[in-house]
Amino acid sequence: MRNQFIVALFLGVVYMGCTKPSIKNENPSEPLTGNRLVALADTEKILQNANPNVMVGAAVNINLLPQTGAYRDLVIKHYNSLTAENAMKMTALQPQEGTFNFSDHTIEDVALNYGLKRIHGHTLVWHNGLPNWIKNWETAALPPAFPTRAAKFDSIMSRHIRTVIANYDNPASIYKDAAGKPLMKSWDVVNEALDDNGDYRSTQNIVNGVDKGSIWYRTIGKLYIEKAFTYARMAAEAQGDTGIKLFYNDYGHDYSAKKLDSIYKMVMALKQITVNGKPIIDGIGMQFHININSSNTNIKNALIKMASTGLLIHMSELDISLNKPGLPFSSTVLNLQKQKFEDVAMLYRKYVVAAQRWGITTWDVGDNDSWLTYSNGVQVDGATVYDINYVKKPAFYFLYDGLYLAIPASL
Ligand code: 9MR
């Protein structure tokens, strides 16, 4: 009996020594789900099933999605939320003034036919992704109906928001979830309004053909942001959609304390504004275009500060750059990357209570379709969890574990 006890104690110590150092659950809403010793078969590691309290999404490319093959298979299998990488930007949806193009249903069809839980709309008002006709209005002579340029741009913005929301919120649409609600559950209403100093993007500054300033700010002024959210809420309410979630989406929360503070102040002010008694903003998109050296402490502080707003938090565009070291990627950078994928998923679970989580969306699916991968046809980065042949990288398993395993106290 005594010997059995000693053997059991010994095995227990060995077992403890093999697990991660601390299996402490800091977030009461987060059940402990496992540890690395409980090996799941590879085929059972499905991202969307890893944690019932974290939706997992991907940004998808409508040119790749219709093709059969690994890209499409991975999207259908691992994700329960889809964001259009480019297909719902203004340039795609309103290529000519007043002519809206809603003919592409690739994302909606995949979501509907394969039972995905939702589509996240990206994005209604941005300084980038704009059709040329709108840029021309910054200097063109105004039609008599518009006393000021602000009035013209306000009218462009409100029509765009109203028409796009109404399209995806159309009660007659076939694109509904199992409960009969629209599959389009949320929108990035305003995207990237602030610069890295925490100031409003404004002055025209063209870098590689893209204006880093904001045409919306220059023409309407800073009120464009609350106007955009107000128009979006009004449009959804007019369609009878009381459940849609409206987000302010941006990046840099982890590396710019000034920007983090400006975002905090801005969303807190937006929260005070209501339509039909409802705040015009529901959530914050934290993009998380980070890299292997991004600071966990900064990420943690950013999550705590954003979560303290009480708004929903969407990790909306996650990718982890290898910092462009060039091929071949060393095992050192790939190891840092996989650990960072696990860390960010755990930090999200630890510092954002389940009720405030809108989920984690990766930006793009694999390295092959990632916006960061190629420069002049040469691979310079690999920021996602699948390689250029859509084979799972170590980062895939660490992301899975980050969603699934108990969270160490050290994070
Ligand atoms: O990945 C997108 C790329 O294909 C587009 O050319 C670019 C401009 O529309 O936008 C990229 O996606 C951005 C997203 O819409 C907003 N946050 C930053 C993303 C990466 O640049």
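Draft legend 1. Representation of the overall build of the protein chain within the structure. Within the protein chain one finds 12 helices and 15 strands. A compact globule built from 411 residues would reach a C-alpha radius of gyration of about 22 Å, and the protein chain, at 23 Å, matches this within 12%. For the protein chain, the spread of C-alpha atoms along the principal axes amounts to about 95 × 50 × 45 Å. Scored against the burial criterion, the 411 residues of the protein chain give a buried share of 52%. Residue pairs at least 24 apart in sequence account for 75% of intrachain contacts in the protein chain once pairs closer than 6 positions are excluded. Across the protein chain, 40 positive and 37 negative side-chain charges occur, with their mean positions spaced 5 Å apart.

Draft legend 2. Representation of the layout of surface pockets. Taken as a whole, the largest pocket holds about 570 Å³ of empty space. Every residue lining the largest pocket is counted, 21 residues in all, and those nearest its centre are Trp126, Asn128, Glu192, Lys212 and Trp371. For the lining of the largest pocket, a count of residues per class yields seven nonpolar, eight polar and six charged.

Draft legend 3. Structural detail: the pattern of salt bridges. Scanning all chains against the criterion turns up 13 salt bridges. Of the charged contacts, one joins Glu138 and Arg218 as a salt bridge, the two residues approaching to 2.6 Å between their closest N and O atoms. Residue Glu138 is located in the loop between helix 5 (132-136) and helix 6 (149-168), and its partner Arg218 is located in helix 7 (residues 215-220); the two are separated by 80 residues in the primary sequence. In this structure, Asp381 and Lys324 form a salt bridge, with 4.0 Å as the shortest nitrogen-oxygen distance. Of this pair, Asp381 sits in the loop between strand 15 (378-379) and helix 12 (394-404) while Lys324 is found in the loop between strand 12 (312-321) and helix 11 (331-351), placing the two residues 57 residues apart along the sequence. The exposure class of Asp381 is buried, given its relative accessible area of 0%. A single salt-bridge network, built from bridges that share partners, covers Glu138, Asp211 and Arg218.

Draft legend 4. Quick look at the site of the ligand. Around the ligand, a shell composed of 13 residues is seen, among which Glu85, Lys89, His122, Glu192 and Glu317 lie nearest. Here an oxygen atom of the ligand sits 2.7 Å away from a polar atom, N or O, in the side chain of Lys89. Taken atom by atom, the bulk of the ligand overlaps the largest pocket. In terms of residue class, the shell around the ligand is built from three nonpolar, six polar and four charged.

Draft legend 5. How the structure looks around the packing of aromatic side chains. A full pass over the atoms with the stated rule returns 10 aromatic pairs. What links up through ring pairs into an aromatic cluster is the set Phe100, Phe102, Tyr168 and Trp187. Lying across the ring of Tyr251, Lys259 places its NZ or CZ 3.8 Å from the centre. For Lys305, the ring lying beneath its charged end belongs to Tyr264, and the centroid distance is 5.0 Å.

Draft legend 6. Local environment of helix 4 (residues 106-113). Of the positions making up helix 4, those classed as buried are Thr106, Ile107, Glu108, Val110 and Ala111. Those residues of helix 4 hidden inside the fold are in contact with strand 1 (56-60), helix 2 (70-78), strand 2 (81-84), strand 3 (118-125) and helix 6. The positive-phi residue at the C-terminal boundary of helix 4 is Gly115, with phi of around 65°.

Draft legend 7. Quick peek at the packing of helix 10 (residues 296-307) against helix 11. Where helix 10 meets helix 11, the axes come as close as 10 Å, and the angle between the chain directions of the two elements is 30°. As the angle between them shows, helix 10 and helix 11 are arranged roughly parallel. Relative to helix 11, helix 10 is oriented so that their crossing is right-handed. In this structure, helix 10 uses Asn296, Ile299, Lys300, Leu303, Ile304 and Ala307 to contact helix 11, whose residues at the interface are Lys340, Asp343, Val344, Leu347, Tyr348 and Tyr351. Here the residues of the contact of helix 10 with helix 11 sort into eight nonpolar, one polar and three charged.

Draft legend 8. Geometry of the pairing of strand 7 (residues 245-250). Burial of strand 7 is extensive: five of the six residues sit out of reach of the surface. In the sheet, strand 4 (residues 184-191) pairs with strand 7 via five bridges, with the strands oriented parallel. What sits directly across from Asp188, in strand 7, is Phe247. The sheet contact formed by strand 7 and strand 10 (residues 283-286) spans four bridges and is parallel. Paired with Asn249 across the two strands is Gly285, which belongs to strand 10.

What counts, and at which threshold
Residues numbered from 1 in each chain as written. Predicted model: local features only at pLDDT ≥ 70, side-chain atom pairs only at ≥ 80, totals over all residues. Heavy atoms only, no water. Helix = DSSP H or I, 4+ residues; strand = E, 2+ residues; numbered from the N terminus. Rg over C-alpha atoms; globule rule 2.2 N^0.38 Å. Buried < 20%, exposed > 50% of the residue type's maximum accessible area, 1.4 Å probe, protein only. Contact = heavy atoms within 4.5 Å. Lys, Arg positive; Asp, Glu negative; His and termini not counted. Charge placed at Lys NZ, Arg CZ, Asp CG, Glu CD. 1 Å grid on protein atoms, 1.4 Å probe; cavity = no way out; pocket = protein on both sides within 12 Å on 5 of 7 lines; lining within 4 Å. Points joined across faces, edges and corners; volume = space filled by probe spheres on them. Nonpolar A, V, L, I, M, F, W, Y, C, P; charged D, E, K, R; others polar. Salt bridge = Lys/Arg side-chain N within 4 Å of Asp/Glu carboxyl O. Near = heavy atom within 4 Å. Polar contact = N/O pair within 3.5 Å; in protein donor to acceptor, adjacent residues only side chain to side chain. Sits in = over half its atoms within 2 Å of the grid points. Phe/Tyr/Trp six-rings, centres within 6.5 Å; stacked < 30°, edge-to-face > 60°. Lys NZ or Arg CZ within 6 Å of the ring centre and 35° of its normal. Axes fitted to C-alpha atoms, helices over the stretch in contact; angles between N-to-C directions. Parallel < 35°, antiparallel > 145°, perpendicular 65-115°, else oblique. Left-handed = near helix turned anticlockwise from the far one by under 90°. Pairing = 2+ DSSP bridges.

What is shown is where atoms sit, not what they do.
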